[in-house]
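Take a look at the letters that make up each chain.
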Amino acid sequence: MPDALDLLKTRRSVKPMELGGPAPSAAEIETLLTIAARVPDHGKLAPWRFILFEGEARLKAGETISSVFRADRADATPDQIDFERKRLARAPLVVAVVSRAGPHVKIPEWEQQLSAGAAAMNLVNAAYALGFAASWITEWYAYDRRVLDALGLSPNERIAGFVHIGRPAKPPEERDRPKLADIVTRFGG
Ligand SMILES: Cc1cc2nc3c(=O)[nH]c(=O)nc-3n(C[C@H](O)[C@H](O)[C@H](O)COP(=O)(O)O)c2cc1C
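Residues numbered from 1 in each chain as written. Predicted model: local features only at pLDDT ≥ 70, side-chain atom pairs only at ≥ 80, totals over all residues. Heavy atoms only, no water.

1. So, the site of the ligand
1) Next: Neighbouring the ligand are the residues R11, R12, S13, W136, I137, T138, E139, A160, R175 and R177.
2) Next: At 3.1 Å, a backbone N or O of T138 approaches a nitrogen atom of the ligand.
3) Next: Backbone polar atom of E139 to an oxygen atom of the ligand: 3.0 Å apart, as the coordinates give it.
4) Next: Burial of the ligand by the protein chains amounts to 58% of its free accessible area of 630 Å².
5) Next: By residue class, the composition of the shell around the ligand is three nonpolar, two polar and five charged. (Near = heavy atom within 4 Å. Polar contact = N/O pair within 3.5 Å; in protein donor to acceptor, adjacent residues only side chain to side chain. Areas by Shrake-Rupley, 256 points an atom, 1.4 Å probe, with all protein chains shown as cover. Nonpolar A, V, L, I, M, F, W, Y, C, P; charged D, E, K, R; others polar.)

Right, dumping it as structure tokens:
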């Protein structure tokens, strides 16, 4: 297991298609979610929750995604429909990070949404620390209310991300990062 700084300096996303089994064990999932829930959260509102997609349930959710896709695309080919059906079955585990942010007397909704992002990022880093890789994606179905209703989200809930977790088929390649000189200034400097 890499030490914490190496881990944070080397983590990379791996595409869902390149994430295989074996899936995280029950104990590993417990660790992943415990870390995901350990994030800054103004007002201790826990303005997020997690939905796990594992095993056959991934395809059951995929049926919903593909039927919504079909309803909008009369010209869809069988291959496209099959691809949609398998959207959540590419990696052995998918965790939907659901934002429950809403109006509050003291805590701005924006801060609640940021906390959901922190939960998703903690989940991604925890997966890497446990020897897995992850991909934090949304894709079209994260924004389709018909899909969200069928997946059990309340009207006030939104998807912060579908975090796909599995074993990487091969080590990921590096990608360019923003130059610090382009994104950092010193106030008054
Ligand atoms: C909220 C959010 C949603 C994202 N949705 C997608 C997506 O739908 N499809 C996609 O290819 N990448 C998406 N990404 C980008 C990937 O997660 C990731 O940034 C990219 O693969 C490279 O990440 P890395 O630098 O951590 O390796 C999303 C990122 C965020 C933060």
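2. Here we look at the layout of surface pockets
1) Next: Quantified by volume, the largest pocket comes out at close to 200 Å³.
2) Next: In this structure, the largest pocket is lined by R12, S13, V14, K15, E18, K170, P171, P172 and E173.
3) Next: Space inside the second largest pocket adds up to approximately 150 Å³.
4) Next: Residue lining of the second largest pocket: S99, Q113, A116, G117, Y143, R158, I159 and A160, and that is the complete set.
5) Next: Of all elements in the fold, only α5 (109-129) and β5 (158-168) reach the threshold of two or more residues within the lining of the second largest pocket.
6) Next: Residues that form the lining of the second largest pocket fall into these classes: four nonpolar, three polar and one charged. (1 Å grid on protein atoms, 1.4 Å probe; cavity = no way out; pocket = protein on both sides within 12 Å on 5 of 7 lines; lining within 4 Å. Points joined across faces, edges and corners; volume = space filled by probe spheres on them. Helix = DSSP H or I, 4+ residues; strand = E, 2+ residues; numbered from the N terminus.)

3. Notes on the packing of aromatic side chains
1) Next: What the rule picks out here adds up to five aromatic pairs.
2) Next: Ring geometry for W140 versus Y141: centroids 5.8 Å apart, planes at 90°, classification edge-to-face.
3) Next: Overall, the relative accessible area of 0% leaves Y141 in the buried class.
4) Next: Taken together, the ring pairs in this structure connect F53, F69, W140, Y141 and F162 into an aromatic cluster. (Phe/Tyr/Trp six-rings, centres within 6.5 Å; stacked < 30°, edge-to-face > 60°. Buried < 20%, exposed > 50% of the residue type's maximum accessible area, 1.4 Å probe, protein only.)

4. Description of the environment of A91
1) Next: Mapped onto the elements, A91 comes out in the loop between α4 (78-85) and β3 (93-99).
2) Next: The sequence separation of A91 and G21 amounts to 70 residues, and the corresponding C-alpha distance is 7.6 Å.
3) Next: In this structure A91 touches P16, L19, R58, H164 and I165, once residues within four positions along its chain are discounted. (Contact = heavy atoms within 4.5 Å.)

5. Details of the pattern of salt bridges
1) Next: Throughout the structure, instances matching the rule amount to twelve salt bridges.
2) Next: In this structure, R85 engages E63 in a salt bridge whose closest nitrogen and oxygen atoms are separated by 3.4 Å. Taken together, the positions of R85 in helix α4 and E63 in helix α3 (residues 57-72) put the pair 22 residues apart, joining distant regions of the chain.
3) Next: Residue classification places E63 among the partly exposed positions, given a relative accessible area of 39%.
4) Next: The salt bridge partner of R87 is E139, with a shortest N-O separation of 3.1 Å. Here E139 lies in the loop between β4 (133-137) and α6 (145-150) and R87 lies in the loop between α4 and β3, a separation of 52 residues in the sequence.
5) Next: Overall, the relative accessible area of 10% leaves R87 in the buried class.
6) Next: When salt bridges with common partners are traced through the structure, they connect E63, D82, R85 and K86 into a single cluster. (Salt bridge = Lys/Arg side-chain N within 4 Å of Asp/Glu carboxyl O.)

6. Considerations on the pairing of β3
1) Next: In terms of residue burial, β3 counts as a mostly covered element, since seven of its seven residues are buried.
2) Next: Judged by which residues are buried, β3 turns out to be covered on both faces: L93, V95, V97 and S99 on one side and V94, A96 and V98 on the other are all buried.
3) Next: Summarising the sheet, β3 and β5 pair through seven bridges and their orientation is antiparallel. If you follow V95 over to β5, its bridge partner there is V163. (Pairing = 2+ DSSP bridges.)

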